[in-house]
Amino acid sequence: MIIDAGHRRWIVGTVAGALIALGFFVWCDRNSVAGVTGGTTVGLWFGVAGTAMMLFCGAFVLLRQVPAWWWLGSRKAWLKAHIWLGLLSVVMILCHSGFRIGGLMGQALWVVLALIIVSGIFGIIVQQTLPGALTRKVPEEASYEQIEYYCGVLRGRADDLCDALKNVMTPGDSAEDPRSRFYSAYETQLRPYFAASPKVVPFADEPATRGWFDRLRETFAARAGSECRRRGG
């Protein structure tokens, strides 16, 4: 997901939530004899809040299993919440622990949490930078999901060109007529090639492809010249 202006409310809410949590932690820590730890009431509530946010972020994976449940909200909204609540949960867990690393178990859990957060941030950075870099370096490249769309666009353009040629080169009655062979070749060989998953790939060999188009050009040129001479005469 690209971080754009649509994330502004989430960013403001996350920063505000973090500041409130930190401010409340500092106030409680200063007014408590032992300070805020995971065993205190305040620390437990911080832990509950952080755990709830983590569970919510993890539930995003389950959203794919219930795509028809529209009342759950859009995937886009869930993804935004996944990003920003995931970051806010780190602040809650820090407040829960009293900013202490703890023993061996606590250290191991901190390492796991750090790996998850860092990998998520790295993924966001890649999503922000990689598409633009690919577009600049390979401007003609199309993503796999867009292949069907672009094939449809190419097929539509080819159909328009073929229809335009019919104004100059009307098909003949005989199957051996050059005009009929041209349109037959287009319908049976060239047009199916623009399908998203063509069953036959007749143009895999470049020399053969060039020869195929050269023969079509010769057929068109010869017939167009004959038609022009006939109409001019």
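What counts and what doesn't
- Residues numbered from 1 in each chain as written.
- Predicted model: local features only at pLDDT ≥ 70, side-chain atom pairs only at ≥ 80, totals over all residues.
- Heavy atoms only, no water.
- Core = buried A, V, L, I, M, F, W, Y, C linked by side-chain atoms within 4.5 Å.
- Buried < 20%, exposed > 50% of the residue type's maximum accessible area, 1.4 Å probe, protein only.
- Helix = DSSP H or I, 4+ residues; strand = E, 2+ residues; numbered from the N terminus.
- Contact = heavy atoms within 4.5 Å.
- Phe/Tyr/Trp six-rings, centres within 6.5 Å; stacked < 30°, edge-to-face > 60°.
- Patch = residues over 30% accessible without salt bridge, like charges linked within 9 Å, V, L, I, M, F, W, Y side chains within 5 Å.
- Areas by Shrake-Rupley, 256 points an atom, 1.4 Å probe, with all protein chains shown as cover.
- Salt bridge = Lys/Arg side-chain N within 4 Å of Asp/Glu carboxyl O.
- Lys, Arg positive; Asp, Glu negative; His and termini not counted.
- Axes fitted to C-alpha atoms, helices over the stretch in contact; angles between N-to-C directions.
- Parallel < 35°, antiparallel > 145°, perpendicular 65-115°, else oblique.
- Nonpolar A, V, L, I, M, F, W, Y, C, P; charged D, E, K, R; others polar.
- Expected span 1.5 Å × (residues − 1).
- Arc of directions from axis to C-beta.
- pLDDT = per-residue confidence, 0-100.

1. Regarding the nonpolar core
- The biggest cluster of nonpolar side chains holds 14 residues, and the ones touching the most others in it are Phe46, Leu88 and Met92.
- Elements supplying a minimum of two residues to this core: helix 1 (8–30), helix 2 (41–59) and helix 3 (75–97).
- If you tally residues by element for this core, the top one is helix 3, at six residues.
- Discounting chain neighbours no more than four positions away, the residues touching Phe46 are Ala21, Phe24, Phe25, Met92, Cys95 and His96.
- In this structure, Ala158, Ala185, Leu190 and Phe194 belong to the second largest nonpolar core, which totals eleven residues.

2. A short note on the packing of aromatic side chains
- This model, assessed by the stated rule, comprises five aromatic pairs.
- Where Phe24 meets Trp27, the ring centres are 6.5 Å apart and the plane angle is 20°; that geometry is what we call stacked. Of this pair, Phe24 and Trp27 both sit in helix 1, three residues apart, which is roughly one turn of that helix.
- Of the residues examined, Phe24 reaches a relative accessible area of 41% and is grouped as partly exposed.
- A relative accessible area of 54% means that Trp27 is categorised as exposed.
- Ring centres of Tyr149 and Tyr150 lie 5.3 Å apart, and the angle between their planes is 65°; this geometry places the pair in the edge-to-face category.

3. Quick look at a nonpolar patch on the surface
- A contiguous nonpolar surface patch, about 260 Å² in accessible area, is contributed by Ile11, Val15 and Leu19.
- Along the chain, Val15 turns up in helix 1.
- On the basis of relative accessible area, Val15 is assigned to the partly exposed category, the value being 46%.

4. Topic: the side chain of Lys80
- Position of Lys80 among the secondary structure elements: in helix 3.
- Here Lys80 sits buried without a salt bridge, and the closest side chain of opposite charge, Asp4, lies 5.6 Å off (N-O distance).
- Setting aside residues no more than four positions away along its own chain, Lys80 makes contact with Met1, Gly6, His7 and Trp10.

5. Quick look at the packing of helix 1 against helix 3
- Between helix 1 and helix 3, the least distance of the axes is 10 Å, while the angle of their chain directions is 10°. Taken together, the axes of helix 1 and helix 3 are roughly parallel relative to one another. On helix 3, the residues touching Trp10, Ile11, Thr14, Gly17, Ala18, Ala21, Leu22 and Phe25 of helix 1 are Lys80, Ala81, Trp84, Leu85, Leu88, Val91, Met92 and Cys95.
- When grouped by side-chain class, the residues that make up the contact of helix 1 with helix 3 number 13 nonpolar, two polar and one charged.

6. Considering helix 3
- With 23 residues, helix 3 should reach 33 Å at 1.5 Å per residue; the first-to-last C-alpha distance of 32 Å fits that figure.
- Remark: Gly98 follows helix 3 within two positions and exhibits a positive phi of approximately 70°.

7. A closer look at the pattern of salt bridges
- What the rule picks out here adds up to one salt bridge.
- In this structure, Asp159 engages Arg191 in a salt bridge whose closest nitrogen and oxygen atoms are separated by 2.8 Å. Residue Asp159 is found in helix 5 (residues 147–166), and its partner Arg191 is found in helix 6 (residues 178–193); the two are separated by 32 residues along the sequence.
- You can call Asp159 buried: its relative accessible area is 18%.

8. Examining helix 5
- In a regular helix each residue adds 1.5 Å, so 20 residues correspond to 28 Å; helix 5 covers 29 Å between its end C-alpha atoms and thus fits that length.
- Along helix 5, the residues that are buried comprise Cys151, Ala158, Asp159 and Cys162. Axial view of helix 5: buried residues confined to an arc of 105°, hence all on one face. Those residues of helix 5 that are exposed and angled more than 90 degrees off the buried face are Tyr149, Arg157, Asp160 and Leu161.

9. A few points about the environment of Phe56
- With respect to the helices and strands, the residue Phe56 is situated in helix 2.
- Note: C-alpha distance between Phe56 and His82 (26 residues apart in sequence) is 7.4 Å.
- Dropping the residues within four chain positions of it, Phe56 is found in contact with Trp78, Ala81 and Leu85.

10. A word on the confidence of the model for the protein chain
- Across the protein chain, the average pLDDT comes to 82, with 84% of residues at or above 70.
- Within the protein chain, no element has a lower average pLDDT than helix 7 (residues 206–232), which sits at 69, and none a higher one than helix 1, at 94.

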